[in-house]
Amino acid sequence: MTNLSRIFGANGPLAEALEGFRPRREQLEMAEAVSEAIDTRGSLIVEAGTGTGKTFAYLVPALLSGRQVIVSTGTRTLQDQLYHRDLPTLAGALGRPVRIALLKGRANYLCRHRLGVALAAPELAGVGAGRVRALRHIAKWAEVTRAGDVAELESVPEQDPAWALATSTRENCLGQECPQYRECHVLQARREAQAADLVIVNHHLLLADMALREEGFGEVLPGTDAVILDEAHQFPEIAAQFFGQSFGARNVLALVRDTLAELTRAGLLEAGLRARVEALEPRVGEAQRALAGLGERVEWERLPDAFLESLDELLDGLEFLHAGLADPELEVPGVRQCARRAHELATRAREIQSRAAEDGLRWAEWTPRAFALQFTPFEVAARLRDFRAARPCAWIYTSATLAVGEDFSHFAARVGEADARTRLIRSPFDYERQSRLYLPRGLPDPSDRGYTAAVIDAALPLVRAAGGRAFVLFTSHRALAEGAAALRGRLEERDRFPVLVQGDAPRDALLRRFRELGNAVLLGTGSFWEGVDVRGPALSLVVIDRLPFASPDDPLLKARLEGLRREGRNPFFEYQVPQAVLTLKQGVGRLIRDHEDTGVVLLADPRVRTKGYGRAFLASLPPMTVIDAAAEAIRFLRDSLGSLAPLETA
Ligand code: SF4
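Residues numbered from 1 in each chain as written. Predicted model: local features only at pLDDT ≥ 70, side-chain atom pairs only at ≥ 80, totals over all residues. Heavy atoms only, no water.

Lay out the sheet that holds strand E12 (residues 435-438) in plain terms, naming residues and giving numbers.
Hydrogen bonds between backbone groups are what pair the strands of a sheet, and the pairing can be parallel or antiparallel. In space, the seven strands of this open sheet follow the order E14-E15-E13-E16-E17-E12-E18, with parallel pairing throughout. The open sheet has two free edges, formed respectively by strand E14 (499-501) and strand E18 (625-627), since each of these has just one partner strand. Across the sheet, the axes of successive neighbouring strands diverge by a mean angle of 20°, strand direction being ignored. Sheet strands in contact with helix H22 (residues 507-517) are strand E13 (470-473), E14 and strand E15 (521-524), and its direction is about 165° off that of E14. (Pairing = 2+ DSSP bridges. Helix = DSSP H or I, 4+ residues; strand = E, 2+ residues; numbered from the N terminus. Axes fitted to C-alpha atoms, helices over the stretch in contact; angles between N-to-C directions. Contact = heavy atoms within 4.5 Å.)

Okay, here's the thing in structure tokens:
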């Protein structure tokens with residue numbers, strides 16, 4: 001018996017230490033693959049079906065390896081779960097003391113320099129009266145905190161705008177020139193990470209480290225033997241955003257505030273400099289007005305001349321400020337940093353302006369309060385490949401949704417890992433017994449005006465049979481609003497099932513309520529398709545309105561489709577279908593979360609049967625029993641819910 005099979009076995013340390021642990025062949029299989037990848041410094045892409053226990057399947061070999069490992073997650077929830085729950089439990093069970101570090105983004109750590117600047121010149125730093133009180137709380141806490149983690153200070157919530165003045169960004173950090181460098185909490189957290197055996201980060205931070213974007217601070221990656229990416233399906237999207245560029249009104253206005261505050265603090269704010277700084281604000285306003293009325297996303301070719309002219313003036317103004325601040329008499333680190341920022345901002349905007357059309361997509365975003373220029377590259381695989389080549393170690397990607405059917409090539413191509421080993425680990429759940437996939441017949445085409453109403457009509461008898469206990473997942477906000485209006489009236493009045501709708505309260509509050517109520521119907525889109533774990537009968541029905549093709553108006557999607565077209569490839573079959581398949585797998589995955597869970601997925605979209613590509617969707621779902629009669633779905637719900645099912649379900 002190998003060490004791993006003993007650890008994951010019926011009499012192993014996990015079974016002994018963890019209540020409810022059951023040995024799973026699938027979990028051991030994954031752990032062995034991960035262990036081999038770490039030993040050989042190879043690349044591995046592994047899809048682990050729900051219930052595999054994938055977290056332990058990668059953490060155990062990581063802990064046993066004795067090497068330095070980075071675990072990167074897509075969400076903060078998983079980061080916290082790993083750090084506070086899974087790793088201490090496992091380290092205890094395995095009897096292995098390990099140094100673990102949780103590394104967060106800069107915005108999570110107090111910046112002593114910026115706090116000092118904001119307190120010295122609150123009006124110029126843009127601090128309103130209400131925020132001064134919050135800043136004072138922060139200053140008091142700053143005297144005692146060791147880690148400087150903003151989550152420690154409960155009296156000032158993380159979303160309080162005062163934190164923007166007491167934390168740093170890559171742009172405004174002074175790095176080694178900072179007078180507080182030795183006490184810097186960002187630096188301290190990175191040092192602790194470098195000394196740890198296992199470091200937990202998120203995908204943004206990992207990419208920042210890969211790109212050496214955190215100038216002035218050492219990288220965490222060089223000493224690493226393995227990088228494990230959980231929730232890896234999110235990684236390509238985050239990488240695309242990360243390798244893009246943006247220049248926005250907000251960057252300029254923040255620079256104006258910081259420069260005035262730094263100059264004041266240093267006693268250097270004379271009239272000429274003040275005029276150069278303050279001249280930027282009206283220029284931002286002109287550019288902002290020139291874009292008004294053109295929509296929230298304006299394609300580059302449609303940018304009006306008036307906007308381009310005011311943009312030029314704004315960039316000239318930034319360079320003029322840079323020249324003014326570069327005066328050797330102003331040799332104060334905070335001011336010098338503002339000078340650099342002014343130059344960098346102008347350079348970045350000019351780089352976006354001069355990008356070639358074949359490099360990526362450019363556009364402007366506009367809201368009544370601000371505008372931003374954006375650039376997104378067509379593909380990021382080559383850059384990711386270069387980073388990995390420069391830092392050879394094991395790269396392990398895992399998630400419940402990486403393969404289309406049994407094919408990993410879509411994901412592998414997006415992250416530039418065409419030669420990686422792949423493993424498809426099936427869920428240990430008995431889907432045939434535990435669930436039904438109901439594909440109703442006779443629904444109109446999704447482009448039909450009455451489509452959403454027809455989906456609601458098809459869903460209602462099942463919602464009633466389940467006694468509420470349903471998620472209704474939409475692919476657009478418009479359909480969500482229409483569905484909510486239709487369901488609220490019919491369910492709340494007649495059946496008394498509480499209807500919870502995305503947007504009524506924060507996501508976590510809605511989910512908490514859903515679990516507590518036990519007979520609620522939750523309607524959502526976007527973020528409710530993934531990362532939601534409701535076990536037991538509280539969730540017995542998942543209704544999906546359409547195949548989740550991403551909106552063709554999304555500029556990121558446009559950029560990628562255009563990139564594929566240029567290569568002579570078929571973007572629909574090579575990108576849109578596989579992406580939609582992965583999203584559908586996430587949505588369907590909400591239903592069965594445990595060996596005892598049962599329920600029905602109602603997939604309303606008729607294209608899953610009528611279109612050729614529908615097969616790719618069905619072949620990628622867990623092996624649920626497919627049915628097409630409402631009566632059968634209702635019977636299954638009533639039988640499996642037993643005494644929990646309402647008496648009258650018609
Ligand atoms: S080094 Fe950067 S983050 Fe650290 S205290 Fe100074 S400005 Fe703030």
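Describe in detail the environment of valine 600, supporting the description with residues and values.
Within the secondary structure, valine 600 sits in strand E17 (residues 599-603). Residues valine 600 and methionine 624, spaced 24 residues apart in sequence, show a C-alpha to C-alpha distance of 9.2 Å. When residues no more than four places from it in sequence are discounted, the contact partners of valine 600 are Arg436, Tyr438, Leu462, Ser540, Leu541, Val542, Leu591, Ala633, Phe636 and Leu637.

Go over the pairing of E12 with me, naming the residues and quoting the values.
Taking every second residue as pointing to the same face, both faces of E12 are buried, with Ser435 and Leu437 on one and Arg436 and Tyr438 on the other. In the sheet, E12 pairs with E18 via three bridges, with the strands oriented parallel. By the bridge assignment for E18, leucine 437 is matched with valine 626. (Buried < 20%, exposed > 50% of the residue type's maximum accessible area, 1.4 Å probe, protein only.)

Any details on the pattern of salt bridges? Residues and values, ideally.
A complete count under the given rule lists 39 salt bridges for this structure. In this structure, aspartate 197 engages arginine 99 in a salt bridge whose closest nitrogen and oxygen atoms are separated by 3.3 Å. Placement of the pair is aspartate 197 in the loop between helix H9 (185-195) and strand E4 (198-202) and arginine 99 in the loop between helix H5 (76-94) and strand E3 (100-102), with a sequence separation of 98 residues. Of the charged contacts, one joins glutamate 278 and arginine 274 as a salt bridge, the two residues approaching to 3.1 Å between their closest N and O atoms. (Salt bridge = Lys/Arg side-chain N within 4 Å of Asp/Glu carboxyl O.)

An account of the nonpolar core is requested, with residue identities and associated values reported.
Grouped together as the largest cluster of nonpolar side chains are 43 residues, with contacts concentrated most on Leu206, Leu207 and Leu384. Here this core spans two domains, since at least three of its residues come from each of domain 1 (3-98 + 197-240 + 380-425) and domain 2 (106-188). (Core = buried A, V, L, I, M, F, W, Y, C linked by side-chain atoms within 4.5 Å. Domains from an automatic or database assignment.)

Any details on the site of the ligand? Residues and values, ideally.
Taken together, Arg106, Cys111, Arg112, His113, Ser168, Cys173, Leu174, Gly175, Cys178 and Cys184 make up all the residues around the ligand. Residues of the shell around the ligand, tallied by class, amount to five nonpolar, three polar and two charged. (Near = heavy atom within 4 Å. Nonpolar A, V, L, I, M, F, W, Y, C, P; charged D, E, K, R; others polar.)

Got a sec to walk through the packing of helix H12 (residues 249-265) against helix H15 (residues 305-325)? Specific residues and values, please.
In contact at an axis separation of 13 Å, H12 and H15 are set at 20° when each is read in the N-to-C sense. The orientation of H12 with respect to H15, classified from their angle, is roughly parallel. Taken as a pair, H12 and H15 cross one another with a handedness that is left-handed. Between H12 and H15, the contacting residues are Val252, Leu255, Thr259 and Leu263 on the first element and Leu314, Leu318, Leu321 and Leu325 on the second. Its residues placed into classes, the contact of H12 with H15 shows seven nonpolar, one polar and no charged. (Parallel < 35°, antiparallel > 145°, perpendicular 65-115°, else oblique. Left-handed = near helix turned anticlockwise from the far one by under 90°.)

Residue-level account of a negative patch on the surface, with values.
A grouping of Glu286, Asp305, Glu309, Asp312 and Glu313 is seen on the molecular surface, where their side chains present a negatively charged patch. At four residues, the largest contribution of residues to the negative patch is made by H15. (Patch = residues over 30% accessible without salt bridge, like charges linked within 9 Å, V, L, I, M, F, W, Y side chains within 5 Å. Areas by Shrake-Rupley, 256 points an atom, 1.4 Å probe, with all protein chains shown as cover. Lys, Arg positive; Asp, Glu negative; His and termini not counted. Charge placed at Lys NZ, Arg CZ, Asp CG, Glu CD.)

Got a sec to walk through the sheet that holds strand E6 (residues 245-248)? Specific residues and values, please.
Ordered in space as E6-E9-E8-E7, the four strands form an open sheet in which the pairing is antiparallel. The open sheet has two free edges, formed respectively by E6 and strand E7 (297-299), since each of these has just one partner strand. Here the average twist between neighbouring strands, direction ignored, is 20°.

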